[in-house]
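# Inside the fold
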Amino acid sequence: MKKDILLLPGDGIGPEIIDSAVAILEAIAKKFKHEFTFKQHLIGGAAIDAASTPLPTETIAAAKKVDAVLLGAVGGPKWDQNPSHLRPERGLLAIRKALDLYANLRPVKGFEHLLDASPLKPDIINGSDLLIVRELTGGLYFGEPSQRSKDGQSVVDTLTYTRYEMERIIKKAFESAQLRKQKLTSVDKANVLESSKLWREIVDQQKPFYPDVEVNHMLVDAAAMKLITEPNSFDVIVTENMFGDILSDEASVLTGSLGMLPSASLAENGIGLYEPAHGSAPDIAGQGIANPIAMILSAAMMLRYSFKMDTEASNIEQAVEATINNGYYTADLKVKTGSLVTTKEMTNNILRNI
Ligand SMILES: NC(=O)C1=CN([C@@H]2O[C@H](COP(=O)(O)OP(=O)(O)OC[C@H]3O[C@@H](n4cnc5c(N)ncnc54)[C@H](O)[C@@H]3O)[C@@H](O)[C@H]2O)C=CC1
Ligand SMILES: CC(C)CC(=O)C(=O)O
Ligand SMILES: [Mg+2]
């Protein structure tokens, strides 16, 4: 099969881990006789430096012409003092909105061999396997106004959602639960927020259409606690944008590192964008030590969701697991034994297992 892929490496460790994903995809193309072509464009800080905007129109135009997009990460201290329209993160939010990538699927799966990489007790996290379904194009990150008052003494951020936006992500989560262990936890703050009250209502309205799915509601503060004390009580979690952002970074602790968590950002009928859950990790950028696994597993999600290449996606996932089982780890994984490797060495070891 012939597929065109747009690469958006972005900033920090983004270009380093995108190189790893491309190497893996080239090996898959060779093994399964596919033809993957790669185009590259700018986003984030790199785009601000080159084109004075975090999301050039060429990038969006290119994204609309390909079969899928792979994104590294954006941001870094170089741009932290920029006005908000010239922040790298604006580019990421804007591409999500422009492509209507409303559904962010973040699988969290612990590897047995990495149990001691987590600060949590092995008997609690053993077998962790859950999916966070995060709404990605609404809520606080997109609401207007979002600004400081003229005298600098007050601020406003706005949380808006339409019924339509809530309904489509909630349906997506029910469908995801049907394909897994048929258990859905809806996370909100319905004891305080009007948006969460509507969210809960919609979950209850949708429930009868998915009789095979067991549903419960949980307040986000309690969910944050349960996620690391009883992770195996979850199957699919559905929640709004900011709660999902925070809970997924927290959930990465179950796997031993934020560098292990992939994601798929999906539209209703359109292109998919695949990106690790982590950011640009400026503290380790340029050192060649970033963990490429979140990015590589995101590429596997691209094969599965956008290209319907299940066997190829499983091949990547099994190669990652085999490499971990062989004892290779990057510096972010605080394991006690094994072989510490660089980004390139980890990638080459995974390649050997493809
Ligand atoms: N999707 C994106 O592009 C995101 C961008 N950001 C941006 O990234 C920049 C840095 O933000 P932080 O809060 O530091 O979050 P971060 O996710 O970049 O890093 C948090 C910690 O995790 C480590 N880490 C993350 N990914 C890693 C990997 N693959 N391998 C090894 N270690 C890894 C980092 O070294 C750091 O210690 C900021 O500008 C932020 O706005 C943050 C989150 C998501
Ligand atoms: C710009 C941020 C919302 C990115 C982020 O933290 C994420 O998507 O996880
Ligand atoms: Mg985040």
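Residues numbered from 1 in each chain as written. Chains lettered and ligands numbered in written order. Predicted model: local features only at pLDDT ≥ 70, side-chain atom pairs only at ≥ 80, totals over all residues.

Lining the immediate surroundings of ligand 2 are E89, L92, L93, Y141, D245 and A277. Residue contributions to the shell around ligand 2 peak at 3 residues, all from helix α4 (residues 88-98). Considering only residue class, the shell around ligand 2 consists of 4 nonpolar, no polar and 2 charged. (Near = placed C-beta within 6 Å. Helix = DSSP H or I, 4+ residues; strand = E, 2+ residues; numbered from the N terminus. Nonpolar A, V, L, I, M, F, W, Y, C, P; charged D, E, K, R; others polar.)

For the rest of this paragraph, the subject is the site of ligand 1. Looking at ligand 1, there are 21 residues lining it, with G75, G259, H278, G279 and N291 nearest. Residue composition of the shell around ligand 1, by class: 10 nonpolar, 7 polar and 4 charged.

Take the UniProt feature "binding site: Mg(2+)" (unreviewed entry) in the protein next. Mapped onto the present numbering, the UniProt feature "binding site: Mg(2+)" (unreviewed entry) falls on D221, D245 and D249. Tracing the backbone shows D245 in helix α9 (residues 241-251). Under the C-beta neighbour-count criterion, D245 is labelled partly exposed, with 19 such atoms within 10 Å. Inspection of the secondary structure puts D249 in helix α9. (UniProt positions renumbered as here; feature names shortened; annotations may be inferred. Buried ≥ 20, exposed ≤ 12 C-beta atoms within 10 Å, placed from the backbone.)

Moving on: unusual backbone geometry. Each neighbour pair has its own omega, and for E144 with P145 the value is 0°, a cis peptide bond. Of note in this structure, K33 is not a glycine but carries a positive phi near 60°. Structurally, the position occupied by K33 is in the loop between α1 (14-32) and β2 (35-40). Phi angles above zero are rare outside glycine, and K308 is one such case at about 55°. Tracing the sequence through the fold places K308 in the loop between α10 (293-305) and α11 (310-325).

Turning our attention to the sheet that holds strand β4 (residues 103-109). Strand order in the open sheet made by the 10 strands is β2-β1-β3-β12-β11-β4-β5-β10-β8-β9, with mixed pairing throughout. At either margin of the open sheet sits one strand with a lone partner, and together these are β2 and β9 (214-219). If you compare each strand with its neighbour and ignore which way they point, the axes differ by 25° on average. In terms of strand pairing, β4 meets strand β5 (residues 129-135) through 7 bridges, oriented antiparallel. Bridging across to β5, L105 finds its partner in V133. Where helix α6 (residues 163-178) meets the sheet, it contacts β4, β5, β8 (183-188) and β10 (236-239), and its direction lies at approximately 165° from that of β5. (Pairing = 2+ DSSP bridges. Axes fitted to C-alpha atoms, helices over the stretch in contact; angles between N-to-C directions. Contact = placed C-beta atoms within 7 Å.)

When you tally the buried positions in β8, you get 5 out of 6 residues, the bulk of the element. Relative to β9, β8 runs parallel, the two sharing 6 bridges. Looking across to β9, one finds that L184 is bridged to V215. Judged from the 4 bridges that link them, β8 and β10 form a sheet pairing that is parallel. Within β10, the position partnered with T185 by the bridge is I237.

Closest axis-to-axis distance for the α1/helix α12 (residues 343-352) pair is 10 Å, and the angle between their directions is 15°. Considering the angle they form, α1 stands roughly parallel to α12. Every pair of crossing elements has a handedness; the one defined by α1 and α12 is right-handed. Across the interface between the two elements, E16, I17, S20, A23, I24 and A27 of α1 pack against T343, T347, I350 and L351 of α12. Residues that form the contact of α1 with α12 fall into these classes: 6 nonpolar, 3 polar and 1 charged. (Parallel < 35°, antiparallel > 145°, perpendicular 65-115°, else oblique. Left-handed = near helix turned anticlockwise from the far one by under 90°.)

Before going further, it helps to spend a moment on the domain arrangement of the protein. Each assigned domain of the protein is listed with its residue range as follows: domain 1 (1-110 + 258-354) and domain 2 (119-130 + 137-254). Centre-to-centre separation of domain 1 and domain 2, based on C-alpha positions: 24 Å. In this assembly, 18 residues from domain 1 lie in contact with 18 residues from domain 2. Going through the elements one at a time, α4 and β4 are the ones with two or more residues in the side of domain 1 that touches domain 2. Top contributing element to the side of domain 1 that touches domain 2 by residue count: β4, with 6 residues. Class assignment for the residues of the side of domain 1 that touches domain 2 results in 10 nonpolar, 2 polar and 6 charged. (Domains from an automatic or database assignment.)

Of the pairings in the sheet, the one linking strand β6 (residues 143-148) to strand β7 (residues 155-158) comprises 3 bridges and is antiparallel in character. When the sheet's bridge partners are listed, Q147 is paired in β7 with V156.

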